[in-house]
2 protein chains.
Amino acid sequence: MKYVFNKTMNKICLAEYYEIYIFYLQRSPRVEGMDRYSFPEPEELAVLLDLELRDTGEPQGKLLKRVKDVAKYSIKTSHPRFFNQLFAGVDYHSMAGRFLTEALNTNLYTYEIAPVFVLVEAEVLRGMHRLVGWTEGDGIFCPGGSISNMYAMNLARYQLFPEIKSRGLWGLPRLTIFTSAESHYSVKKGAALLGIGTDHVILVKVDDGGRMIPEDLEEKIKLAKSEGSVPFLVSCTSGTTVKGAFDPLDHIANLCEKYMLWMHVDAAWGGSVLFSSKHRHLMKGVDRANSVAWNPHKMLVAGLQCSALLLRDTTNLLKRCHSASATYLFQQDKFYDVNLDTGDKSVQCSRKVDCLKLWLMWKAVGSAGLEARVDKAFIHPEFVNVCFWYIPPSLRGKEENADYQEQLSKVAPLIKERMMKEGTMMVGYQPQENRVNFFRVVAFSPLISQKDMDFFLNEIERLGKNM
Amino acid sequence: MKYVFNKTMNKICLAEYYEIYIFYLQRSPRVEGMDRYSFPEPEELAVLLDLELRDTGEPQGKLLKRVKDVAKYSIKTSHPRFFNQLFAGVDYHSMAGRFLTEALNTNLYTYEIAPVFVLVEAEVLRGMHRLVGWTEGDGIFCPGGSISNMYAMNLARYQLFPEIKSRGLWGLPRLTIFTSAESHYSVKKGAALLGIGTDHVILVKVDDGGRMIPEDLEEKIKLAKSEGSVPFLVSCTSGTTVKGAFDPLDHIANLCEKYMLWMHVDAAWGGSVLFSSKHRHLMKGVDRANSVAWNPHKMLVAGLQCSALLLRDTTNLLKRCHSASATYLFQQDKFYDVNLDTGDKSVQCSRKVDCLKLWLMWKAVGSAGLEARVDKAFIHPEFVNVCFWYIPPSLRGKEENADYQEQLSKVAPLIKERMMKEGTMMVGYQPQENRVNFFRVVAFSPLISQKDMDFFLNEIERLGKNM
């Protein structure tokens, strides 16, 4: 096949693509339900999409059908009835920033190819620093909160044992990390990847609200030390994944200071409360942390991926820990200030521009606009997560039955299956500790109305009432 | 400030944003030079962009100016005279896929929220597997080649010592990695992050063409073993960053089999030769590797980020090594086949959809179209990278002068400074081993014409002739 790159043809094609997905996007908030067909079986969907990659290309008409089908069979995560995840909704300013980022397609490693974005990233990080309560510091955008958390681990151990970078963990004592039993699983994933091992992540007890208990933390630090381990990091959580709990940072900071431990705050979900003068007390003490991970792609609706690691450090620790000083990329004899080449602070080489969309949205609505969104999303008594069971008529008043818990555990998965197959809305469920499957609803998208919340409750009732 | 989310207003705004960047994008290939103002000083650019994030939002008119300015002062990496990096150019199909990805804003961890993308990712990985020469296998898209390389390291050591996941590196013998002296710096960054340490990355000598010398590799493996280390991984390179060299995979595979080492191929840059029946011999033996990292965001112009890690493994190693089995996300009592929830193969939690753009482009031009692009980019005698010095008139015939090398080393940085300040084109330079600063030009964008290449050479001459 002879392939001719036809600019005109492709630009027309691009404009058509654009019309199609805007059509789908605009449509979704208006219709009842989530505007998709009943949840397709994978085999069926594979056929519908005609997935196969072939030797010859396809004409425009077929490609447009591909784009339509991708939009048609995808879950409309921007729909106000998508309550399934800690990201949802859409902000059109941010989306414009995302399209612009894609159109400009550059890489955040050197100032010479990303002058605007190097400055924008620094400005956004400055804005986030201020909200944390720092007048200076360092930071970087990472591809997701898990990797931001891993960075914190790597920095903490490097600060304690700089030789680790060249010599590895051999010859060093066993290092231990402390985090709450309800913290995000990325702490364990990070410990495994970094060669520390999941056994050396010590889980601290939580209170009924899911908050780390400082007294238990101190006991476990002492125990680890008595066993010859070297505690080096406490990973606190501001906004746990399931319950939305905020660990008591000030108390934990006292212990971190006492035992000279790196204090990391995984605020991937909860960090946005820092915008709210009414609710930021939930993170009181965050300014005493060494590092904070915060994902604006979650509650701030900045779009995937957008995760910042913020550091109190002013000694260039990030760069010292991660740099490899590649001469082909980070030439020292450039004509501009090479400190603007921030790429060597990263463990990545190519690094996507994740800051522009946040900057543009922040410019558009201001800190006050973001504060209003956060305040709107809050639910009494604390934060956004609401966890609940739906008790179907057949189980009401049967709490004493021997199989009550077992029967209850089947309710949420079945309601979820029904809502997926009908395509009316989406909400997540999970078991936790001794609690069988319960729903967790998170409602923070700026698109959500009272009507959507009413629909949500009625729909759970409708789908579950005959169980 | 009262913030009202005004859907209509924002949709209009989005359409306007779109028009603006398409205007800038379309304009860039038509004009002489790279269509930007002289390279701005950072302080000046910060003022021009009005970076500051404020309490109150901005009206639409100001926001549109922001978008225009971002486009105006950004480097036009899609311009045919951008030769600075291993990514460049633009493919409009891929760009449509990128916009669609942004519009649908979902996360590649569960089938329930990404049914289309789970299948698309699997299909693209299958297509890449076939090109490697495998009929089955595993794989995942990662945020960049460095992280793909780190995955390979983590998998290799986990296969050898599965207990590492829970117990960490303590109690294990020193592990060593082998890679060529001209391999990418991410091998060292990965070794540091994974707790192995950069000292345990053994650099193998290269021949004049920059290819790993298998005899030296074998000697170094033997030496490491004799010193009590445990060699576990050889990271070969297909397409080195500077010279574009291809390590002799078949020879290295023999050694990996002999010493039972994991064979990883970092084909981030060179992997695209697998599309070319004429040139794929450069990677002969790749089917014997355990893992291959390949970045379609480079030569295939898929757009940042797009990096695949391909595995020969069929034992679910990827998931066993990385899984944390979070019950809130990877519920086992779902109504569909939970093997479709691929998220636990990743060390990330949120994972951006990086496969759609590649799938759409591949559908549009076919394997044959991609082959033609690769073939077009090739330069005799091998691959795409061309490294050269420009010798200015004042240095010609002065090779015997004591300060010749020192003077020559200043030529490329100065020409680079001049081209940046005039904004006519961009090309990278670097020193390597005993060679002082030289240019490396890579020309693979489908947009490049003969005229652009003529311009390139004349422009180097014009900028350097008075030195």
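Thresholds applied
- Residues numbered from 1 in each chain as written.
- Chains lettered and ligands numbered in written order.
- Predicted model: local features only at pLDDT ≥ 70, side-chain atom pairs only at ≥ 80, totals over all residues.
- Heavy atoms only, no water.
- UniProt positions renumbered as here; feature names shortened; annotations may be inferred.
- Phe/Tyr/Trp six-rings, centres within 6.5 Å; stacked < 30°, edge-to-face > 60°.
- Helix = DSSP H or I, 4+ residues; strand = E, 2+ residues; numbered from the N terminus.
- Buried < 20%, exposed > 50% of the residue type's maximum accessible area, 1.4 Å probe, protein only.
- Lys NZ or Arg CZ within 6 Å of the ring centre and 35° of its normal.
- Contact = heavy atoms within 4.5 Å.
- Buried area = accessible area lost by both parts, 1.4 Å probe.
- Salt bridge = Lys/Arg side-chain N within 4 Å of Asp/Glu carboxyl O.
- Polar contact = N/O pair within 3.5 Å; in protein donor to acceptor, adjacent residues only side chain to side chain.
- Core = buried A, V, L, I, M, F, W, Y, C linked by side-chain atoms within 4.5 Å.
- Disulfide = S-S within 2.5 Å.
- Least-squares fit on C-alpha atoms with pLDDT ≥ 70 in both.
- Pairing = 2+ DSSP bridges.
- Right-handed = clockwise from strand over helix to strand, strands pointing away.
- Patch = residues over 30% accessible without salt bridge, like charges linked within 9 Å, V, L, I, M, F, W, Y side chains within 5 Å.
- Areas by Shrake-Rupley, 256 points an atom, 1.4 Å probe, with all protein chains shown as cover.
- Lys, Arg positive; Asp, Glu negative; His and termini not counted.
- Charge placed at Lys NZ, Arg CZ, Asp CG, Glu CD.
- 1 Å grid on protein atoms, 1.4 Å probe; cavity = no way out; pocket = protein on both sides within 12 Å on 5 of 7 lines; lining within 4 Å.
- Points joined across faces, edges and corners; volume = space filled by probe spheres on them.
- Nonpolar A, V, L, I, M, F, W, Y, C, P; charged D, E, K, R; others polar.

Per an unreviewed UniProt entry, chain A carries the name Cysteine sulfinic acid decarboxylase-like and comes from Echeneis naucrates. What UniProt states about chain A under its Subunit (unreviewed entry) heading is, verbatim, "Homodimer." One UniProt comment on chain A, placed under Sequence similarities (unreviewed entry), says "Belongs to the group II decarboxylase family."

Asker: Now, about the packing of aromatic side chains: what can you tell me, with residues and values included?
Answerer: All names here are of chain A. Tallied over the entire structure, the rule returns 31 aromatic pairs over all chains. Residues Phe-388 and Phe-456 carry aromatic rings whose centres are separated by 6.1 Å and whose planes lie at 80 degrees to one another, so their mutual orientation is edge-to-face. With Phe-388 in strand β9 (residues 386-388) and Phe-456 in helix α14 (residues 450-464), this residue pair connects regions lying 68 residues apart in the sequence. For Phe-456, a relative accessible area of 2% translates into the label buried. Put simply, the rings of Phe-246, Trp-269, Phe-378, Phe-383 and Phe-444 touch in pairs and so form one group of aromatic residues. When the ring centre of Phe-455 is taken as origin, the NZ or CZ atom of Arg-81, which lies over that ring, is 3.9 Å away.

Asker: Account for the interface of chain A and chain B, naming residues and giving values.
Answerer: Listed as interface residues are 156 residues of chain A and, on the opposing side, 156 residues of chain B. Of the roughly 14,000 Å² buried between chain A and chain B, counting both surfaces, carbon and sulfur atoms make up 65%. Among the ionic pairs, Asp-344 of chain A bridges to Lys-189 of chain B, the shortest N-O distance being 2.8 Å. Where chain A packs against chain B, one counts 73 residue pairs in polar contact (both at pLDDT 80 or more).

Asker: Describe in detail the nonpolar core, supporting the description with residues and values.
Answerer: If you look at the biggest cluster of nonpolar residues, it comprises 204 residues, and the most contacted ones within it are Val-265 of chain A together with Val-265 of chain B. Here Val-265 of chain A is in contact with Cys-236, Ser-238, Leu-249, Met-283, Val-286, Ala-289, Ser-291, Val-292 and Ala-293 of chain A, once residues within four sequence places are set aside. Counting 64 residues, the second largest nonpolar core, distinct from the first, contains Ile-140 and Leu-318 of chain A together with Leu-155 and Trp-170 of chain B.

Asker: Explain the state of the cysteines residue by residue, including any values.
Answerer: Following the criterion strictly, the structure yields zero disulfides over all chains and no others. Counting only cysteine sulfurs, Cys-306 of chain A is the nearest neighbor of Cys-142 of chain A, a cysteine outside any disulfide, at a range of 11 Å. Here Cys-142 of chain A falls in the buried class, since its relative accessible area comes to 0%. The structure places no disulfide on Cys-387 of chain B, whose sulfur is separated from the nearest cysteine sulfur, that of Cys-349 of chain A, by 16 Å.

Asker: Got a sec to walk through the side chain of Gln-305 of chain B? Specific residues and values, please.
Answerer: Mapping Gln-305 of chain B onto the fold places it in the loop between β7 (291-294) and β8 (307-311). Polar side-chain contacts of Gln-305 of chain B include one of 3.2 Å to the side chain of Gln-305 of chain A. Setting aside its immediate chain neighbours within four residues, Gln-305 of chain B contacts Gln-305 and Lys-352 of chain A together with Pro-143, His-297, Lys-352, Asp-354 and Lys-357 of chain B.

Asker: Can you explain the relation of the copies chain A and chain B? Please cite residues and give values.
Answerer: Superposition of chain A onto chain B requires a rotation of 180 degrees combined with a translation of 0.0 Å along the rotation axis, giving an RMSD of 0.0 Å. In symmetry terms, the pair is related by a two-fold rotation axis. No C-alpha of chain A approaches the rotation axis more nearly than that of Leu-194 of chain A, which lies at 2.1 Å. Looking at chain A, 100% of its interface residues are interface residues in chain B too, so the copies touch through the same face.

Asker: Please set out the pairing of strand β2 (residues 138-142) of chain B residue by residue, giving values where relevant.
Answerer: In terms of residue burial, β2 of chain B counts as a mostly covered element, since five of its five residues are buried. The side-chain alternation of β2 of chain B yields two buried faces, one formed by Asp-138, Ile-140 and Cys-142 of chain B and the other by Gly-139 and Phe-141 of chain B.

Asker: I'd like a rundown of the pairing of strand β3 (residues 175-180) of chain A, residues and numbers included.
Answerer: Residues and elements named next belong to chain A. Along β3, six of the six residues are buried, which leaves the element largely enclosed by surrounding structure. Residues Leu-175, Ile-177 and Thr-179 point to one face of β3 and Thr-176, Phe-178 and Ser-180 to the other, with burial holding for every one of them. As paired elements, β3 and strand β5 (residues 230-237) share five bridges and run parallel to each other. For Thr-176, the partnering residue across the bridge sits in β5 and is Pro-231. In the sheet, β3 pairs with strand β4 (residues 201-204) via four bridges, with the strands oriented parallel. Residue pairing for β4: Phe-178 is matched across the bridge by Ile-202. Note that the unit made of β3, helix α8 (residues 186-193) and β4 has a crossover that is right-handed.

Asker: Please provide a residue-by-residue account of a negative patch on the surface, values included.
Answerer: On the surface, Glu-41, Glu-43 and Glu-44 of chain A together with Asp-337 of chain B cluster together to form a negatively charged patch. Mapped onto the elements, Glu-41 of chain A comes out in the loop between α1 (7-27) and α2 (42-49).

Asker: Before we move on, can you summarise the UniProt feature "modified residue: N6-(pyridoxal phosphate)lysine" (unreviewed entry) in chain A with the specific residues and values?
Answerer: Per the UniProt record, "modified residue: N6-(pyridoxal phosphate)lysine" (unreviewed entry) is found at Lys-298 of chain A. Locating Lys-298 of chain A in the fold gives a position in the loop between β7 (291-294) and β8 (307-311). Ignoring any residue separated from it by four or fewer positions in sequence, one finds Lys-298 of chain A in contact with Leu-86, Phe-87, Ala-268, Trp-269 and Phe-444 of chain A together with Ser-350 of chain B.

Asker: Mind laying out the layout of surface pockets, listing which residues take part and the relevant values?
Answerer: Residue and element names in this part refer to chain B. Approximately 650 Å³ is the volume attributed to the largest pocket. Contributing to the lining of the largest pocket are 26 residues, with Ala-122, Gly-137, Asp-138, Thr-342 and Lys-345 lying nearest its centre. Listed by contribution, the elements that provide at least two residues to the lining of the largest pocket are α5 (115-132) and β2. It is α5 that provides the largest number of residues to the lining of the largest pocket, a total of eight residues. Tallied by class, residues from the lining of the largest pocket come to seven nonpolar, nine polar and ten charged.

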